[in-house]
Structure formats: C-alpha cells, structure tokens
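Observations on chain architecture
So you can see what is in the structure, the chains are spelled out below.
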Amino acid sequence: NSALVTNFTANITWFTTTVIGGFSGQFIPAHSLGIDYALIAMFICLLVFQFKGLIYVVTAIIAGIFAVLLSILIPGNSYIVIASMAAAAIGVVLKKRTDGEKGR
C-alpha cells in the first residue's frame, strides 16, 4: 500500500513540476544560467560512465561519426535517432562476435 502511495506521489510531483516548468520556462532568457552547457555536460558524463570496455568506446565513436555524417545529409534532428540506432545495432553485433570468440 505504501509503495502505491509513493508511486502516486512521485507521479503527481513529476506531472506538476513538468507543467510548472513548461509555463515558467518561457520567462528564462535564452542562453542564460549555463543551461545549454550543463545539458551537454550531463550527456557527456552519462556517456563516459557507460564505457565498460573497448566495444562501448567503439560504439560511441561510430555513433558520433554517423551523427556528423547524417547531419549533413538529413535535415532536422532525426539523424540523431538514426545514428544512435545504427551504432547500437553495430555494437550488439560486435559484442556477440567478441563473446563468441571468447567461448572458442
């Protein structure tokens, strides 16, 4: 029962703060508070903490190269999704191949 109350409270809090942020965000001037830098830094930090081996580093490099190349060819931001999905697929194939070679 307490888990249900905790879950409900967390969801209400998330919803309420999202709505408040959506309305009040328009009053924050663009490029203020270093938010543009903080968001990029957060994603770089999340990426670095995922590096648990060479395959993960290679997959990240492939994703970066694909993203840059596709950004030239594809208008909009869909190139990010396409590059990350392609790199993830290549990463899975590389991981399965290296895991298969270890078992031999």
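Residue numbers here run from 1 along each chain, matching the order of that chain's written sequence. Only residues with pLDDT of at least 70 are given local features in this predicted model, and only at 80 or more are side-chain atom pairs given and counted; all residues enter the totals for whole chains, interfaces and linings. Where side-chain values are given, they derive from all heavy atoms of the structure, hydrogens and water being excluded.

Before going further, it helps to examine the confidence of the model for the protein. Per residue, pLDDT captures the predictor's confidence, and it can take any value from 0 to 100. Here the protein averages 90 in pLDDT, and 98% of its residues register 70 or above. For the protein, the element scoring lowest by mean pLDDT is helix α2 (residues 35–48), at 84; helix α1 (residues 2–24) scores highest, at 95. Counting from the N terminus, the helices are the DSSP runs of H or I reaching at least four residues and the strands are the DSSP runs of E reaching at least two.

Once that is clear, we can look at the pattern of salt bridges. Counted as salt bridges are all cases of a side-chain nitrogen of Lys or Arg within 4 Å of a carboxyl oxygen of Asp or Glu. One pass over the full model with this rule turns up one salt bridge. Two residues, D99 and K95, come together in a salt bridge whose shortest N-O distance is 3.6 Å. With D99 and K95 both in helix α4 (residues 78–102), this residue pair falls four residues apart, about one helical turn.

The next point concerns the side chain of T59. Mapped onto the secondary structure, T59 falls in helix α3 (residues 54–73). Looking at T59, its side chain comes within polar contact range of the main-chain oxygen of I55, at 2.7 Å. When near neighbours in sequence (up to four residues on either side) are disregarded, T59 contacts A87, A88 and G91. Pairing of N or O atoms within 3.5 Å defines a polar contact, subject to two protein rules: one partner must be a possible hydrogen donor and the other a possible acceptor, and residues neighboring in sequence count only if both atoms are side-chain atoms. Residue contacts follow a heavy-atom distance rule, with two residues in contact if any of their heavy atoms lie within 4.5 Å.

Below, the discussion takes up the layout of surface pockets. Cavity means a closed set of points on a 1 Å grid over the protein atoms alone, one where a 1.4 Å probe fits but cannot get out, pocket means an open set with protein on both sides within 12 Å along at least 5 of 7 lines, and lining means a residue has an atom within 4 Å of a point. Grid points are joined across faces, edges and corners, and a volume is the space filled by probe spheres set on the points. Approximately 380 Å³ is the volume found for the largest pocket. Lining the largest pocket are 15 residues, and of these L47, A60, A63, G64 and S84 lie nearest its centre. Among the elements of the structure, α2, α3 and α4 are those that each provide at least two residues to the lining of the largest pocket. Sort the elements by how many residues they give to the lining of the largest pocket and α4 lands first, with six residues.

Turning to the environment of V93, a few remarks are in order. In this fold, V93 is placed in helix α4. Distance from V93 to A63, taken between C-alpha atoms, is 14 Å for residues 30 residues apart in sequence.

Moving on: the packing of α3 against α4. Axes here mean lines fitted to C-alpha atoms, for a helix over just the part in contact, with angles spanning 0 to 180 degrees between N-to-C directions. Running from amino to carboxyl end, α3 crosses α4 at an angle of 150°, the nearest separation of the two axes being 8 Å. With respect to α4, the element α3 is oriented roughly antiparallel. In this structure, the crossing between α3 and α4 has a hand that is right-handed. Residues I55, Y56, V58, T59, I62, A63, F66, A67, L70 and S71 of α3 form the contact with α4, whose participating residues are Y79, I82, A83, A86, A87, A88, I90, G91, L94, K95 and T98. Polar here means any residue other than Ala, Val, Leu, Ile, Met, Phe, Trp, Tyr, Cys and Pro, which are nonpolar, and Asp, Glu, Lys and Arg, which are charged; Gly is therefore polar. Per-class residue counts for the contact of α3 with α4 are 16 nonpolar, four polar and one charged. For this classification, under 35 degrees means roughly parallel, over 145 means roughly antiparallel, 65 to 115 means roughly perpendicular, and everything else is oblique. The sense of a crossing depends on the near helix, which, turned anticlockwise from the far helix by less than a right angle, makes the crossing left-handed and, turned clockwise, makes it right-handed.

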